[in-house]
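Read off the chains here:
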Amino acid sequence: MDVKIAESWKLKLQAEFDKDYFNQLTTFVKHEYQTHTIYPPGKEIFRAFDCCPFEQVKVVLIGQDPYHGEGQANGLCFSVREGIRQPPSLQNIFKEIQNDLNKSIPVSGDLERWAKQGVLLLNATLTVRASAPGSHQNKGWEAFTDAVIKIISEEKSNIVFLLWGAYAQKKGEMIDRSKHLVLTSAHPSPFSVARGFFGSKHFSKTNDYLRSKGLKEIEW
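What comes next is a walk through the structure. (Residues numbered from 1 in each chain as written. Predicted model: local features only at pLDDT ≥ 70, side-chain atom pairs only at ≥ 80, totals over all residues. Heavy atoms only, no water.)

### With respect to the overall build of the protein chain
- For the protein chain, the helix and strand inventory stands at 8 helices and 6 strands.
- When the elements of the protein chain are put in sequence order from the N terminus, they spell out α-α-β-α-β-α-α-β-β-α-β-α-β-α.
- Relative to its length of 220 residues, the protein chain is compact, with a C-alpha radius of gyration of 17 Å against a globular reference of 17 Å.
- For the protein chain, buried positions account for 53% of its 220 residues. (Helix = DSSP H or I, 4+ residues; strand = E, 2+ residues; numbered from the N terminus. Rg over C-alpha atoms; globule rule 2.2 N^0.38 Å. Buried < 20%, exposed > 50% of the residue type's maximum accessible area, 1.4 Å probe, protein only.)

### Overview of helix α4 (residues 88-101)
- Relative to the 20 Å expected for 14 residues at 1.5 Å per residue, α4 spans 20 Å between its end C-alpha atoms, a close match to the ideal helical length.
- Among the residues of α4, Ser 89, Leu 90, Asn 92, Ile 93, Phe 94, Glu 96, Ile 97 and Asp 100 are the ones counted as buried.
- Those residues of α4 that are buried lie in contact with α5 (112-115), β5 (160-164) and α8 (202-212).
- Within two residues after α4, Asn 102 carries a phi angle of roughly 60°, on the positive side. (Expected span 1.5 Å × (residues − 1). Contact = heavy atoms within 4.5 Å.)

### Some details on the layout of surface pockets
- Quantified by volume, the largest pocket comes out at close to 570 Å³.
- Lining the largest pocket are 34 residues, with Gln 64, Asp 65, Tyr 67, Phe 78 and His 187 positioned closest to its centre.
- For the lining of the largest pocket, the secondary-structure elements that each account for two or more residues are β2 (59-63), α4, β3 (119-123) and α7 (166-171).
- At 3 residues, β3 tops the list of elements feeding residues into the lining of the largest pocket.
- Grouping the constituent residues of the lining of the largest pocket by class yields 20 nonpolar, 13 polar and 1 charged. (1 Å grid on protein atoms, 1.4 Å probe; cavity = no way out; pocket = protein on both sides within 12 Å on 5 of 7 lines; lining within 4 Å. Points joined across faces, edges and corners; volume = space filled by probe spheres on them. Nonpolar A, V, L, I, M, F, W, Y, C, P; charged D, E, K, R; others polar.)

### What to know about the nonpolar core
- Within the largest apolar cluster, 63 residues are counted, with the highest numbers of intra-cluster contacts made by Trp 9, Phe 46, Phe 49, Trp 114, Leu 120 and Phe 144.
- Not counting the four nearest positions on each side in its chain, Trp 114 is found in contact with Leu 61, Ile 93, Phe 94, Ile 97, Val 119, Leu 121, Phe 203, Glu 219 and Trp 220. (Core = buried A, V, L, I, M, F, W, Y, C linked by side-chain atoms within 4.5 Å.)

### Some remarks on the pairing of strand β6 (residues 181-185)
- One ladder, built from 5 bridges, connects β5 with β6; its direction is parallel. Across the sheet, Leu 162 pairs through a bridge with Leu 183, a residue of β6. (Pairing = 2+ DSSP bridges.)

### Some points on the packing of aromatic side chains
- Tallying each qualifying case throughout the model produces 21 aromatic pairs.
- Taking the centre distance of 6.3 Å and the plane angle of 55° together, the rings of Trp 114 and Phe 203 count as tilted. One end of the pair, Trp 114, is in helix α5; the other, Phe 203, is in helix α8, and 89 residues separate them in sequence. Across the pair, Phe 203 and Trp 114 agree in class, each one buried.
- By the ring-pair criterion, three or more aromatic residues cluster together here, those being Trp 9, Phe 17, Tyr 21, Phe 22, Phe 46, Phe 49, Phe 54, Trp 141 and Phe 144.
- Positioned above the aromatic ring of Phe 54, the side-chain terminus of Lys 156 is 4.8 Å from the ring centre. (Phe/Tyr/Trp six-rings, centres within 6.5 Å; stacked < 30°, edge-to-face > 60°. Lys NZ or Arg CZ within 6 Å of the ring centre and 35° of its normal.)

### A short note on unusual backbone geometry
- Here the residue pair Tyr 39 and Pro 40 is connected by a cis peptide bond, since its omega of -10° sits within 30 degrees of zero.
- In this structure, Pro 40 sits in the loop between β1 (38-39) and α3 (47-51).
- Phi is positive for Asn 158, close to 60°, though the residue is something other than glycine.
- Tracing the backbone through its elements, the reader meets Asn 158 in the loop between α6 (141-155) and β5.
- Here Asn 158 falls in the partly exposed class, since its relative accessible area comes to 24%.
- Non-glycine residue Lys 201 carries a positive phi angle of around 55°.

### Here we look at the sheet that holds β3
- The strand order across the open sheet formed by 4 strands is β3-β2-β5-β6, and the pairing between neighbours is parallel. Edge positions in the sheet fall to β3 and β6, since each of these pairs with one other strand and no more. Strand after strand, the sheet turns through a mean of 20° between neighbouring axes, direction not considered.
- For β2 and β3, the ladder comprises 5 bridges, and the chain directions are parallel. Each residue of the ladder has a partner; that of Val 59, found in β3, is Val 119.
- The strands touched by α6 are β2, β3 and β5; relative to β3, the strand with the most contacts, the crossing angle is about 155°. (Axes fitted to C-alpha atoms, helices over the stretch in contact; angles between N-to-C directions.)

Below you can see the structure in the form of structure tokens.
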């Protein structure tokens, strides 16, 4: 598969790419792309890493699965392609930004603009079969993305981790909280958004922290 990934990430993750589990995962994913409709497009599997090189990471947002509807997933968690209707979770994220920072809700749901500023938009599982949520879970992706979180936690300082919902919070248990800021809340999905995502002010809190460390704020 012709995948794009920033050179700095390629170097950091080479040890993972060489492991047996990743070779098995690659074989599985290639076969899935050959025999089913899989999202995102193959060249965008590592788009989160390509848009946000290791040295630029300031914020890590952890999602679960790529969107499984036609034309939605673009390799960045919670993000959709230009011109695609914003899914409910993304709408709720934008509503919280509006309430938190008094910013108008954007027309586009493509979050590449965040990634380019240093927000790693990381799904736990990087591929999914069309109309089959969770179909690529427990195939090896989770071990790979755990390794990504571990590398960031160990090798960087003053990173803001946004963990929305129980799944992301469990995945973030390995983060060294003595040198990073970890913000947790309910998931922005319509089923849980009123249980603490709305009003969490994670976007202003992120910028306050970055500013306190002499880092440039994110233009949400």
